[in-house]
Amino acid sequence: MSAPAGRSQLIDGKLLTADTTFPTYNPATGELLGHAPDATTANAEAAVAAARRAFDTTDWSTDRDLRLRCLRQLHQALDEHREELRELTIAEVGAPRQLTHGPQLDEPIGIVKFYADLLESYEFTEDLGEIESRGQRHHRWVEKEAAGVVVAILPYNYPNQLALAKISPALAAGCTVVLKGAPQTPLTTLALGELIAEHTDIPPGVINVLSSARPEVGELLTTHPDVDVVTFTGATTTGRRIMAAAADSVKRVFLELGGKSAMIILADADFVKAGMFAAFTICSHSGQGCALTSRLLVPREHHDRIVQLVAAGMARVTVGDPTDPKTTMGPLISEQQRDKVDGMVRRAVEAGATLVRGGNRIEPGYFYEPTLLANVDPDSEIAQEEVFGPVLAVIPFEDEEDAVRIANNSRYGLSGAVHSADDERAIRVARRIRTGTFSINGGNYFAPDVPFGGYKQSGVGRESGRSGFEEFLEEKSFARVVVPVEQA
């Protein structure tokens, strides 16, 4: 791996620099971290052409043993270069060191092993037996095969996790890939491309890794006629445009989009435990997570007490230098994102919400205080729009029915949580919320084997698990006439 200050793109098996670059910054200091190649539409065309050639003219899609060997090599390379990746992730993403020992790095490395193991055991053929039809017997079976050329586009918040969650099942399935990193965190994604080029036998063109700050590059990749599948994680507004553009060529799209998830604290819950859980959850990676519970629904008669407990929990969050192992919350990704968060908080207060704590910038870098808003109107902007910052909106409810109604009062449906002394009651409530994932009394569903995705405008399809693998497969059904033995 080269120095973090400048990395190369991977196109058709070659590590390439570019005529032009764009800067990337350390969000904890605001200082320049390095420069990334600014891919052009010509680079994107070359990457798609390489992926198309590799899929159409090589045996990558049919050679399970080769794919398995390459995935094992990738897992080993990630493991061996784990500490270099850790330092880069802390510097560019602003992720606290302790978070890299979980979902920012260490856990994502396990995704590669999960899909290698699945590939080793997966049955690509299903025998459906024989039927009698039209005076003859027919034997039927189904074969699953790679869907084709995949374009995978990442956001900035969890670049390691999202890159590996997209490319691992795609490669295991036999697809070829063009991976585009986020313009805010390009070096982290380019480092993955370098590891692939230098430490695996993945053939040229099978995976291509780009970085670009040009909007036209993303547009080309998602509309290119030689692309069969687009997998995108990011804003719902962008996801809508990708879905609409895909209609022209009827591409398969997998979209993991925004969220405005609700955590419900029922009247019989342990308020101290639930309040602490709510406080630390919204501060995880400075609130920059699509599935984080950014709405806290509490019984009206206990509103003020729970607000005090959450505020006390937020006061225990250590905000600061992400390189410090004691830090629990780092910066937002950019000044632009911090301005957005601050603007939404100020508008919420103007609309009638009570600012209990926070609401201030912290210098230097792009830090923002853990922020708690109480007595929030469930129909207000702060309760309906994704903030992507450490801002928790507390909404009172009258009873259980009201809590379910408010939780479902969203165009999103990505995740949710409920706390209750009665597990069965909590499960009943959870089943009534229209979301793709749900935490019950602090349960953690996030793992390589668990399907992740949303209802409504939170997306289409599922990432991770067996479902995430099958997103990259096509099914072909066969039938043949069975000739009776006496006629054979």
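- Per an unreviewed UniProt entry, the chain goes by Aldehyde dehydrogenase family protein and derives from Streptomyces hyaluromycini.
- Under the UniProt heading Sequence similarities (unreviewed entry), the note attached to the chain is "Belongs to the aldehyde dehydrogenase family."

### Topic: the overall build of the chain
Then step 1. Of regular secondary structure, the chain possesses 16 helices and 24 strands.
Then step 2. By principal-axis analysis of the C-alpha atoms, the chain measures approximately 80 × 60 × 40 Å.
Then step 3. For the chain, with 488 residues in total, the buried portion stands at 57%.
Then step 4. Intrachain contacts of the chain at a sequence separation of at least 6 include 71% that bridge at least 24 residues.
Then step 5. Total accessible area on the chain is roughly 19,500 Å²; 50% of this is exposed by carbon and sulfur atoms.
Then step 6. One way to put it: in the chain the 48 positive side-chain charges average out to a point 3 Å from where the 67 negative ones average out.

### Some points on helix α6 (residues 159-173)
Then step 1. Spanning 15 residues, α6 covers 21 Å between terminal C-alpha atoms, matching the ideal 21 Å at 1.5 Å per step.
Then step 2. Of all 15 residues making up α6, 15 are buried, and the element is well covered by its neighbours.
Then step 3. Downstream of α6 by a residue or two, Gly174 has a phi angle that is positive, lying close to 105 degrees.

### Considerations on the environment of Ile265
Then step 1. Residue placement: Ile265 occurs in strand β12 (residues 261-265).
Then step 2. By relative accessible area, Ile265 is classed as buried at 0%.
Then step 3. In the structure, Ile265 is positioned 152 residues away from Ala417 in sequence and 8.5 Å away in space, judged by C-alpha atoms.
Then step 4. When near neighbours in sequence (up to four residues on either side) are disregarded, Ile265 contacts Phe271, Ala274, Gly275, Leu296, Leu297, Val298, Pro299, Ile306, Phe397 and His419.

### Quick notes on the UniProt feature "active site" (unreviewed entry) in the chain
Then step 1. When the UniProt feature table is mapped to this numbering, "active site" (unreviewed entry) covers Glu256.
Then step 2. Note that Glu256 resides in strand β11 (residues 252-256).
Then step 3. Filtering out sequence-adjacent residues up to four positions away, Glu256 remains in contact with Leu162, Phe232, Thr233, Gly234, Cys290, Leu414, Phe452 and Ser458.

### Considerations on the side chain of Ser458
Then step 1. In this structure, Ser458 sits in the loop between β22 (455-456) and β23 (459-460).
Then step 2. When its relative accessible area of 1% is taken as the criterion, Ser458 is described as buried.
Then step 3. Within polar-contact distance, the side chain of Ser458 engages the backbone oxygen of Gly258 at 2.6 Å.
Then step 4. Those residues in contact with Ser458 that sit more than four places away from it in its chain are Leu255, Glu256, Leu257, Gly258, Gly259, Arg411, Tyr412, Gly413 and Leu414.

### Some thoughts on the side chain of Arg7
Then step 1. By the secondary structure assignment, Arg7 is in the segment before β1 (9-11).
Then step 2. Overall, Arg7 belongs to the buried group, its relative accessible area being 4%.

### With respect to the environment of Val229
Then step 1. Tracing the backbone shows Val229 in strand β10 (residues 229-233).
Then step 2. Remark: the alpha-carbon pair of Val229 and Leu10, spanning 219 residues in sequence, is separated by 20 Å.
Then step 3. Residue contacts for Val229: discarding those within four places in its chain leaves Ala147, Val149, Val150, Val151, Arg252 and Phe472.

### Notes on the sheet that holds strand β5 (residues 125-133)
Then step 1. Overall, antiparallel pairing links the 3 strands, which are arranged β5-β6-β24 in an open sheet. The open sheet has two free edges, formed respectively by β5 and β24 (473-482), since each of these has just one partner strand. Across the sheet, the axes of successive neighbouring strands diverge by a mean angle of 20 degrees, strand direction being ignored.

### Here we look at the layout of surface pockets
Then step 1. By volume, the largest pocket amounts to about 1,300 Å³.
Then step 2. Tyr156, Pro183, Gln184, Ala235 and Thr238 are, among the 43 residues lining the largest pocket, the residues nearest its centre.
Then step 3. Elements supplying a minimum of two residues to the lining of the largest pocket: β3 (21-25), α8 (215-223), β10, α9 (236-246) and α12 (335-350).
Then step 4. No other element matches α9, which puts 7 residues into the lining of the largest pocket.
Then step 5. Looking at the lining of the largest pocket, its residues break down into 20 nonpolar, 15 polar and 8 charged.
Then step 6. In this structure, the second largest pocket occupies an estimated 950 Å³ of space.
Then step 7. Lining the second largest pocket are 38 residues, and of these Pro103, Tyr158, Ser284, Leu292 and Asn444 lie nearest its centre.
Then step 8. Secondary-structure elements contributing two or more residues to the lining of the second largest pocket are α4 (97-100), α6, α10 (271-283) and β20 (416-419).
Then step 9. Its residues assigned to classes, the lining of the second largest pocket comprises 18 nonpolar, 17 polar and 3 charged.

### Comments concerning the sheet that holds strand β14 (residues 354-357)
Then step 1. The 7 strands are arranged β14-β17-β18-β13-β12-β20-β21 in an open sheet whose pairing can be described as mixed. Of all the strands in the sheet, just β14 and β21 (439-440) have a single pairing partner and so form its edges.
Then step 2. The sheet contact formed by β12 and strand β13 (residues 293-299) spans 4 bridges and is parallel. Of the residues in β13, the one forming a bridge with Ala262 is Arg295.
Then step 3. Strands β12, β13, β18 (391-397), β20 and β21 of the sheet are contacted by α10, whose axis makes an angle of about 165 degrees with β12.

How each quantity is defined
Residues numbered from 1 in each chain as written. Predicted model: local features only at pLDDT ≥ 70, side-chain atom pairs only at ≥ 80, totals over all residues. Heavy atoms only, no water. UniProt positions renumbered as here; feature names shortened; annotations may be inferred. Helix = DSSP H or I, 4+ residues; strand = E, 2+ residues; numbered from the N terminus. Buried < 20%, exposed > 50% of the residue type's maximum accessible area, 1.4 Å probe, protein only. Contact = heavy atoms within 4.5 Å. Areas by Shrake-Rupley, 256 points an atom, 1.4 Å probe, with all protein chains shown as cover. Lys, Arg positive; Asp, Glu negative; His and termini not counted. Charge placed at Lys NZ, Arg CZ, Asp CG, Glu CD. Expected span 1.5 Å × (residues − 1). Polar contact = N/O pair within 3.5 Å; in protein donor to acceptor, adjacent residues only side chain to side chain. Pairing = 2+ DSSP bridges. Axes fitted to C-alpha atoms, helices over the stretch in contact; angles between N-to-C directions. 1 Å grid on protein atoms, 1.4 Å probe; cavity = no way out; pocket = protein on both sides within 12 Å on 5 of 7 lines; lining within 4 Å. Points joined across faces, edges and corners; volume = space filled by probe spheres on them. Nonpolar A, V, L, I, M, F, W, Y, C, P; charged D, E, K, R; others polar.

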